[in-house]
Amino acid sequence: MTDSLPDEIKADPSRLKTIKDRTQSVRLLAKEKKIDLYVTYSSQRLKKRTDKERSIYDKEVRNRNNIALHDVQLSCPTTPETVTGATSILKLASGKSLVFSLNGSQVQDAENAMDWEY
């Protein structure tokens with residue numbers, strides 16, 4: 001998991017813990033019956049990943065326990081940085097939806113310190 005991370009992140013226990021916690025959370029969400037978890041990416045983003053990272057992801061996609069996980073490769077070769085991040089759509093008891101979205105880069109894609117938008 002840490003192979004492609006910059007050295008300064010590998011050496012920072014709190015930042016590394018954040019990445020590990022996020023990985024664990026996503027893996028738990030992938031197994032939830034009441035959730036649809038869509039992982040979308042462009043072909044160029046996938047090519048940036050190491051063989052090991054792609055292998056781990058492919059294994060998770062094929063894992064039958066990951067009933068909520070939906071793998072979606074976009075037809076565009078790249079995506080604008082303005083739409084990189086995560087979006088959650090929550091169905092409320094009232095029947096309304098609550099949308100929470102954040103914009104930021106994957107840690108291994110970030111060239112410098114980055115601003116996050118919510």
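Calculation criteria
- Residues numbered from 1 in each chain as written.
- Predicted model: local features only at pLDDT ≥ 70, side-chain atom pairs only at ≥ 80, totals over all residues.
- Heavy atoms only, no water.
- Phe/Tyr/Trp six-rings, centres within 6.5 Å; stacked < 30°, edge-to-face > 60°.
- Helix = DSSP H or I, 4+ residues; strand = E, 2+ residues; numbered from the N terminus.
- Buried < 20%, exposed > 50% of the residue type's maximum accessible area, 1.4 Å probe, protein only.
- Contact = heavy atoms within 4.5 Å.

Visitor: Explain the packing of aromatic side chains residue by residue, including any values.
Guide: Per the stated rule, a full pass over the model turns up 1 aromatic pair. Ring geometry for tyrosine 41 versus tyrosine 57: centroids 6.1 Å apart, planes at 85 degrees, classification edge-to-face. With tyrosine 41 in strand β1 (residues 37-41) and tyrosine 57 in helix α4 (residues 51-62), this pair connects stretches of sequence that are 16 residues apart.

Visitor: Give a detailed account of the environment of cysteine 76, specifying residues and quantitative values.
Guide: Secondary-structure assignment places cysteine 76 in the loop between β2 (69-73) and β3 (85-91). By relative accessible area, which is 28% here, cysteine 76 ends up partly exposed. Taking C-alpha positions, cysteine 76 is 9.0 Å from tyrosine 41, a pair spaced 35 residues apart along the chain. Here cysteine 76 is in contact with Ser42 and Ser43, once residues within four sequence places are set aside.

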